[in-house]
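# Results of the structural survey
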Amino acid sequence: MDQLPIKVGAVAYDPKVVEIWEGVRDYFREENIPTDYVLFSNYEALVDALLDRTVDMAWNTNVAFVRAERRAGGRCISLAMRNTDREFTTRLIARNDSGISGLEDLRGKRLALGSADSAQAAILPLHFLAEAGIDPENEVELIRFDIDVGKHGDTGTSELEVLRALHEGVADAGAIGHVVWLQSLEKGLVNKGLVRSVWTSPPYDHCSFTVLDDFDPDLARRWTEALLRMDFNNPRWRRLMDLEGLTAWVPGRKDGYESLRAAIGVGPDKEGSQRSRSESLA
């Protein structure tokens with residue numbers, strides 16, 4: 001009997017997503033592990049689909065992974081991630097005339113945040129502020145750019161708005177992921193005479209391929225091993241990997257989500273409070 005394709009769910013945050021997943025499907029066809037994809041408009045729907053088994057596997061953001069893990073009672077497995085998903089960081093960018101050189105200087109200042117459901121540009125920055133003993137809701141003036149909510153910051157649009165607010169003097173400081181910061185520097189979108197990076201967060205992990213723990217372990221092993229063999233130096237797959245922003249696939253891990261678990265909370269009441277306060281998803 002022919003093997004049914006593994007159904008992988010992903011979010012269509014950009015038109016390039018279709019090209020990426022067509023490439024993934026072609027790659028696994030050659031690996032003799034039939035794989036197909038289902039696209040969703042947001043990560044909340046993707047998490048639902050994984051838990052109700054509409055899809056077998058989900059290409060999750062870190063926020064989606066932690067939510068799926070909590071709702072499944074911890075029964076989620078991270079199979080693989082991009083090499084660029086490890087050691088992800090948030091940068092605090094400040095105006096040169098703001099007097100801000102770190103988190104401790106944010107009291108009484110205007111802080112721009114990206115989409116409320118973005119780990120790197122909203123959820124974790126607020127968590128790191130609280131860890132530093134600063135109440136972000138009462139001691140900092142928060143300026144929010146809730147753009148593309150449901151995409152968990154994948155589009156990067158809100159982070160570019162944070163940078164714009166800094167350049168225009170609307171905010172004193174802003175939180176963005178290091179990827180957007182470095183790309184903006186490379187593209188000449190940063191006026192170094194006006195703004196600079198003043199703080200880098202502790203590292204954390206980003207996206208991962210997620211399955212529930214009852215997924216066939218042999219199939220999970222073969223699928224993961226095949227993915228890890230994808231070679232950036234092979235011109236057939238290089239464009240796919242360029243589009244997805246990696247040079248190698250690496251094994252998944254769960255310990256890189258500890259700070260995000262703490263930020264979101266571990267119980268339904270706690271997460272409900274976090275969502276109403278920090279994610280504005282109702």
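Residues numbered from 1 in each chain as written. Predicted model: local features only at pLDDT ≥ 70, side-chain atom pairs only at ≥ 80, totals over all residues. Heavy atoms only, no water.

Moving on to the pairing of strand β6 (residues 110–113). Judged from the 4 bridges that link them, β6 and strand β7 (residues 141–144) form a sheet pairing that is parallel. Residue pairing in the sheet places Leu113 in a bridge with Arg144 of β7. Inspection of the sheet shows β6 paired to strand β8 (residues 173–177) by 2 bridges, in the parallel sense. From the neighbouring strand, Ala112 faces β8, where its bridge partner is Gly174. (Pairing = 2+ DSSP bridges. Helix = DSSP H or I, 4+ residues; strand = E, 2+ residues; numbered from the N terminus.)

This part is about unusual backbone geometry. Despite not being glycine, Glu87 has its phi angle at roughly 60°, a positive value. With respect to the helices and strands, Glu87 occurs in the loop between β4 (76–82) and β5 (90–95). In this model, Asp148 sits at a positive phi of 60°, which is unusual for a non-glycine residue. Take Asp148: it is sitting in the loop between β7 and α6 (157–167). Here Asp148 falls in the partly exposed class, since its relative accessible area comes to 33%. (Buried < 20%, exposed > 50% of the residue type's maximum accessible area, 1.4 Å probe, protein only.)

Let's shift gears to the side chain of Arg91. Residue placement: Arg91 occurs in strand β5. Here Arg91 occupies a buried position and makes no salt bridge, while the nearest side chain of opposite charge, Glu186, is found at 10 Å. Residues in contact with Arg91, not counting those within four places in the same chain, are Gly174, Ala175, Ile176, His178, Trp181, Leu182, Ser197, Trp199 and Thr200. (Lys, Arg positive; Asp, Glu negative; His and termini not counted. Salt bridge = Lys/Arg side-chain N within 4 Å of Asp/Glu carboxyl O. Contact = heavy atoms within 4.5 Å.)

With that out of the way, let us pick up the sheet that holds strand β9 (residues 195–200). Strands sit in the order β7-β6-β8-β5-β9 across an open sheet of 5 strands; the sheet is mixed. Both edges of this open sheet fall to β7 and β9, since each of them pairs with a single strand only. Mean inter-strand twist for the sheet, computed between neighbouring axes without regard to direction, equals 30°. Here α6 sits on the sheet in contact with β5, β6, β8 and β9, set at roughly 155° to β8. (Axes fitted to C-alpha atoms, helices over the stretch in contact; angles between N-to-C directions.)

Take the packing of aromatic side chains next. Taken as a whole and judged by the stated rule, the model has 12 aromatic pairs. Relative to Phe209, the ring of Trp21 lies with its centre 6.1 Å away and its plane at 80°, an arrangement referred to as edge-to-face. Placement of the pair is Trp21 in helix α1 (residues 16–30) and Phe209 in strand β10 (residues 208–212), with a sequence separation of 188 residues. In terms of burial, Trp21 and Phe209 fall into one category: buried. Centre to centre, the rings of Trp59 and Trp249 are 5.8 Å apart; their planes meet at 75°, and the pair counts as edge-to-face. With Trp59 in strand β3 (residues 57–60) and Trp249 in strand β11 (residues 249–251), this residue pair connects regions lying 190 residues apart in the sequence. Grouped by ring-pair contacts, the aromatic residues Trp21, Tyr27, Phe28, Tyr37, Trp59, Phe209, Trp223, Trp237 and Trp249 constitute a single cluster. (Phe/Tyr/Trp six-rings, centres within 6.5 Å; stacked < 30°, edge-to-face > 60°.)

The values are spatial; any link to function lies outside them.
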